[in-house]
Amino acid sequence: MEALHTAPRWTTRTIDSWTRWAPNQWSLRIPRPDNFTFTPGHYARLGLPAHSTSDIVWRPYSIVSAPDDKHLEFLVTLIPHGLFTSQLATLEAGANILLDPGVMGFFVESQLAPGRTLWMLSTGSGLGPYISMLREGGVLRRYESIFVVHSVRTAAELAYANELRALETRHPGVLHYVPVVTRESGSGYLARRIPTMINDGSLEVLLASSLDPAFARVMVCGNPQFTGDMRALLRDRNFQPCRRGLIGSMLFENYWQ
Ligand SMILES: Cc1cc2nc3c(=O)[nH]c(=O)nc-3n(C[C@H](O)[C@H](O)[C@H](O)COP(=O)(O)OP(=O)(O)OC[C@H]3O[C@@H](n4cnc5c(N)ncnc54)[C@H](O)[C@@H]3O)c2cc1C
Ligand SMILES: NC(=O)c1ccc[n+]([C@@H]2O[C@H](COP(=O)([O-])OP(=O)(O)OC[C@H]3O[C@@H](n4cnc5c(N)ncnc54)[C@H](OP(=O)(O)O)[C@@H]3O)[C@@H](O)[C@H]2O)c1
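The structure reproduced in this document is the subject of the present report. (Residues numbered from 1 in each chain as written. Chains lettered and ligands numbered in written order. Predicted model: local features only at pLDDT ≥ 70, side-chain atom pairs only at ≥ 80, totals over all residues. Heavy atoms only, no water.)

Points about the site of ligand 1
Phase 1: Near ligand 1 there are 18 residues, and of these Pro60, Tyr61, Leu75, Phe84 and Thr85 occur at the shortest range.
Phase 2: One of the backbone nitrogen or oxygen atoms of Leu83 is found 3.0 Å away from an oxygen atom of ligand 1.
Phase 3: Ser125 places a polar side-chain atom, nitrogen or oxygen, 2.9 Å from a nitrogen atom of ligand 1.
Phase 4: In isolation ligand 1 offers 890 Å² of accessible surface; the protein chains occlude 76% of this area.
Phase 5: The greatest single-element share of the shell around ligand 1, amounting to four residues, is contributed by strand β5 (residues 56-62).
Phase 6: Classifying every residue of the shell around ligand 1 by side-chain character gives ten nonpolar, six polar and two charged.
Phase 7: Counting contributing residues per domain, the shell around ligand 1 is built from domain 1 (11-99) and domain 2 (109-254), each supplying no fewer than three. (Near = heavy atom within 4 Å. Polar contact = N/O pair within 3.5 Å; in protein donor to acceptor, adjacent residues only side chain to side chain. Areas by Shrake-Rupley, 256 points an atom, 1.4 Å probe, with all protein chains shown as cover. Helix = DSSP H or I, 4+ residues; strand = E, 2+ residues; numbered from the N terminus. Nonpolar A, V, L, I, M, F, W, Y, C, P; charged D, E, K, R; others polar. Domains from an automatic or database assignment.)

As for the nonpolar core
One recurring pattern in soluble globular proteins is that nonpolar side chains are buried together.
Phase 1: Counting 31 residues, the largest nonpolar core has Met120, Leu134, Ile146 and Val148 as its most contacted members.
Phase 2: When contributions to this core are tallied by element, the ones reaching two or more residues are β8 (117-123), α2 (128-136), α3 (138-142), β9 (145-152), α4 (161-170), β10 (175-181) and β11 (216-222).
Phase 3: Tallying contributions element by element places α2 first for this core, with four residues.
Phase 4: Apart from residues lying up to four places away in sequence, Met120 is in contact with Tyr130, Met133, Leu134, Val139, Ile146, Phe147, Val148, Val149 and Met219.
Phase 5: Core analysis: the second largest hydrophobic core is formed by 24 residues, Ile30, Leu46, Phe84 and Ala95 among them. (Core = buried A, V, L, I, M, F, W, Y, C linked by side-chain atoms within 4.5 Å. Buried < 20%, exposed > 50% of the residue type's maximum accessible area, 1.4 Å probe, protein only. Contact = heavy atoms within 4.5 Å.)

Describing unusual backbone geometry
Phi is mostly negative for residues that are not glycine, and the peptide bonds are mostly trans.
Phase 1: Positioned with a positive phi, Ala208 is a non-glycine residue whose angle comes to about 50°.
Phase 2: With respect to the helices, strands and loops of the structure, Ala208 is situated in the loop between α6 (202-207) and β11.
Phase 3: Even without a glycine there, the phi angle at Asn238 is positive, about 70°.
Phase 4: Tracing the sequence through the fold places Asn238 in the loop between α7 (224-236) and β12 (250-254).

What about the packing of α2 against α4?
Phase 1: Here α2 crosses α4 at 35°, and the two axes come no closer than 12 Å. Relative to α4, α2 is oriented so that their crossing is left-handed. Counting all contacts with α2, which are made through Ile131, Leu134 and Arg135, the residues of α4 involved are Glu163, Leu164 and Leu167.
Phase 2: Of the residues contributing to the contact of α2 with α4, the split by class is four nonpolar, no polar and two charged. (Axes fitted to C-alpha atoms, helices over the stretch in contact; angles between N-to-C directions. Left-handed = near helix turned anticlockwise from the far one by under 90°.)

A closer look at the packing of aromatic side chains
Phase 1: Summed over the entire model, instances satisfying the criterion amount to seven aromatic pairs.
Phase 2: Ring geometry for Trp10 and Trp58: centres 5.7 Å apart, planes at 55°, overall tilted. Of this pair, Trp10 sits in the segment before β1 (11-14) while Trp58 sits in strand β5; the two residues are 48 residues apart in sequence, bridging distant segments of the chain.
Phase 3: Exposure remark for Trp58: the relative accessible area of 17% places this residue in the buried category.
Phase 4: Against the face of Phe215 rests Arg116, its NZ or CZ located 4.6 Å from the ring centre.
Phase 5: Lying over the aromatic face of Phe252, Arg231 brings its terminal NZ or CZ to 4.1 Å of the ring centre. (Phe/Tyr/Trp six-rings, centres within 6.5 Å; stacked < 30°, edge-to-face > 60°. Lys NZ or Arg CZ within 6 Å of the ring centre and 35° of its normal.)

A short note on the environment of Leu134
Phase 1: Along the chain, Leu134 falls in helix α2.
Phase 2: Once the C-alpha coordinates of Leu134 and Lys70 are considered, the two residues, 64 residues apart in sequence, prove to be 17 Å apart.
Phase 3: The residues touching Leu134, leaving out its near neighbours within four places in the chain, are Met120, Val139, Leu140, Ile146, Val148, Leu164, Leu167 and Leu175.

Observations regarding the pairing of β10
Phase 1: The buried count for β10 comes to six of seven residues, which makes it a mostly enclosed element.
Phase 2: The β-α-β motif built from β9, the intervening α4 and the parallel element β10 has right-handed crossover chirality. (Right-handed = clockwise from strand over helix to strand, strands pointing away.)

Written out as structure tokens, the structure reads:
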């Protein structure tokens, strides 16, 4: 009988490097397969063998690297007792991880109608897709102003802060990085949640720009309660969601249910 040959459904990659921003916030880099192409905002699935069974645990992760990078980079929040991340946390550089060759997602900036200002709002690891967009650079040419607002509990979790500050210096007046640290009193950073600072108008005053759907475009990524609150808030201001094939003025990515 002739053997059946099917294309492998995943590929094994070696973790080349880790960046440990904080005990619970790490980035990893794996070599990008030659035929693996994506648009900033897409996510890929990473897999690890389950501890107790022969199954593989797969989880989606937004790609942080630029499309032309020879590596794929991911920013991962380590969840206490998380099925995938608690195992990931035990791996060193040189360990193997599985990569699903298909990329997925609709959190891409081209879903938005052309605008003048772009608000990139995130909590925790939700910053990742914006780093990919900024490294690719197209958004920096298309918008007059970009506001990257990143909310974390502690300052150590402000991943990519140095890169964002350097980019801010290279694009004066265009890129504005706004770190928010919510659980470290006296840190000197903004300390209130993003929807609170938008609701009371203080973030718009600080950035001297209004969240007006006539010219502002908003991307929101991370904690689902945050994205839910932002959706309601922006809907009240007449922002329009992006539906498949129909451009809009606000776009969301939830990292869990
Ligand atoms: C489209 C998409 C893209 C994603 N991209 C990323 C990414 O780039 N980086 C990333 O860290 N995660 C990302 N996630 C979440 C990721 O897929 C896993 O759910 C997460 O790593 C937890 O897996 P786990 O098996 O360790 O935890 P599980 O045992 O599955 O526990 C899940 C619980 O952990 C919490 N949780 C899950 N993800 C996060 C998170 N990112 N931050 C804080 N708490 C969380 C929630 O309470 C959730 O109910 C993404 C999810 C989706 C749907
Ligand atoms: N980060 C840590 O130091 C830490 C330590 C131990 C365990 N953990 C566990 O790790 C998991 C992930 O924690 P995480 O800190 O990465 O993610 P997170 O809880 O989503 O918090 C990240 C940021 O999002 C903000 N946020 C949360 N809900 C929001 C909402 N509805 N609207 C606006 N902003 C909101 C948080 O502000 P608030 O601070 O106001 O919530 C914080 O600034 C959780 O299960 C947590 O229990 C985290």
